[in-house]
Amino acid sequence: MVSRPSYDPNALASHQLAAVDEAYTSLSEDPAEPLVNRAIGGDLYPPGSTFKLVLAAAALESGEYSPDTELEGGLTYTLPNTETELPNFGGAACDPEGRPTLAESVQVSCNTSFAWLAGELGADSVREQAEAFGFGQPLEVPMSVTPSIYPDEMDDAQLALTGIGQFEVRETPLQVAMISAAIANGGVTMTPYLVEEVRGSDLEVIERNEPRTRSRAVSQESAEQLTEMMTQVVERGSGQSAALPGIEVAGKTGTAEFGESGAAHAWFTGFAPADDPQIAVAVVVESATDNWVGETGGLVAAPVARAMLEAGVQR
């Protein structure tokens, strides 16, 4: 778990209380907010297209969709009951006929098909799937984790925007990592923890954490299908910058707009090796762009994830 910018905790561990107070005041007033652990709390992030994994999971779990099911995915999608046109990134087509499959929609991160899919699935179905991955639930690792949010009350246009991880969908990076980890783990979410064991001064174990199952988010079959879709993201889709030679990587990119100025966070989440998972990660680069000119999750966050995956995989 990494959160940047960080700080030197030694400045807060002095026996000189005046110096500690001065250091804490300086850190707390720093506009970069180094005291905030961004991985588990603070202001939650819009997840952008990483949330499309939740939509894809809900679609597969409904029994009405398969990876080969064609979706509505034209150049633009008119948000219901509005005149607002939602485009794909860069104005690109997801499919020449405007009918990308679910797998193709994940691979190229198609906005129009996932906005349409959110409306077809309905808010209750999407929310139920998000909660199965851990949304809205308290966690301690042992520090408290701010619960991720899928909004309760929405109109149809807002529901469509949640399909691409926008509107009021908010997540911690830990939650995003848990989604990838659950898919890697055959559909089962585990309880995360940071401290494996605590020992006393005599080195006797006082407390030990063991892996604990939390819930089943998706079936084994759905997890395998999602894994295959995510490998295509890295092999030939939006996440190619996360590829590792000789190791199959499963992943999903995201570029999440916030505010009104065109600013966006860059995301990547995934796991490796895809056929024998050892490590799952989530990376968010805050404010990767302020003018929406190319600083996407695939270009900015995926290389960071690649370095983490390469370090974590036992060859």
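Cut-offs and rules
- Residue indices follow the written sequence of each chain, beginning from 1 at its first position.
- Whole-chain, interface and lining totals are the exception, using all residues; otherwise, since this is a predicted model, local features are given only for residues with pLDDT of at least 70 and side-chain atom pairs are given and counted only at 80 or more.
- Hydrogens and water are ignored here; the side-chain numbers use all heavy atoms of the structure.
- Numbering of helices and strands runs from the N terminus, with a helix taken as a DSSP run of H or I at least four residues long and a strand as a DSSP run of E at least two residues long.
- Think of it in three bands: with a 1.4 Å probe and only protein chains considered, a residue is buried below 20% of the maximum accessible area for its type, exposed above 50%, and partly exposed in between.
- Contact criterion: two residues are considered in contact whenever any of their non-hydrogen atoms come within 4.5 Å of each other.
- The Shrake-Rupley method, run with a 1.4 Å probe, gives the accessible areas here. Residue values count only the displayed protein chains as cover.
- His residues and chain termini do not enter the charge count, which takes Lys and Arg as positive and Asp and Glu as negative.
- To locate a charge, take atom NZ for lysine, CZ for arginine, CG for aspartate or CD for glutamate.
- Each axis is a line fitted through C-alpha atoms, taken for helices only over the stretch in contact, and angles between the N-to-C directions span 0 to 180 degrees.
- Just so you know how the angles are binned, under 35 degrees is roughly parallel, over 145 roughly antiparallel, 65 to 115 roughly perpendicular, and the rest oblique.
- Helix crossings fall into two classes, left-handed where the near helix is turned counterclockwise from the far one by less than a right angle and right-handed where it is turned clockwise.
- Side-chain classes are defined by residue name, with Ala, Val, Leu, Ile, Met, Phe, Trp, Tyr, Cys and Pro counting as nonpolar, Asp, Glu, Lys and Arg as charged, and the others, Gly among them, as polar.

(A) View of the overall build of the protein chain. Counting its secondary structure elements, the protein chain contains nine helices and 11 strands. With the principal axes as the frame, the protein chain shows a C-alpha extent of 70 × 40 × 40 Å. For the protein chain, the residues scored as buried account for 48% of the 315 residues in total. For the protein chain, the share of sequence-separated contacts (at least 6 apart) that also reach a separation of at least 24 residues comes to 67%. Looking at the protein chain as shown, the accessible area adds up to about 15,400 Å², and 47% of this sits on carbon and sulfur atoms. Of the side chains in the protein chain, 15 bear a positive and 47 a negative charge, and the two mean positions are spaced by 6 Å.

(B) Geometry of the packing of helix 2 (residues 52-62) against helix 4 (residues 111-121). In contact at an axis separation of 10 Å, helix 2 and helix 4 are set at 50° when each is read in the N-to-C sense. In this view, helix 2 runs oblique relative to helix 4, as classed from their interaxial angle. With respect to the hand of their crossing, helix 2 and helix 4 are arranged in left-handed fashion. Judged by residue contacts, Lys-52, Leu-55, Ala-56, Ala-58 and Ala-59 of helix 2 engage Asn-111, Phe-114, Leu-117, Ala-118 and Leu-121 from helix 4. For the contact of helix 2 with helix 4, the per-class residue count stands at eight nonpolar, one polar and one charged.

So, to be careful, I would describe these as geometric facts and stop short of saying anything about function.
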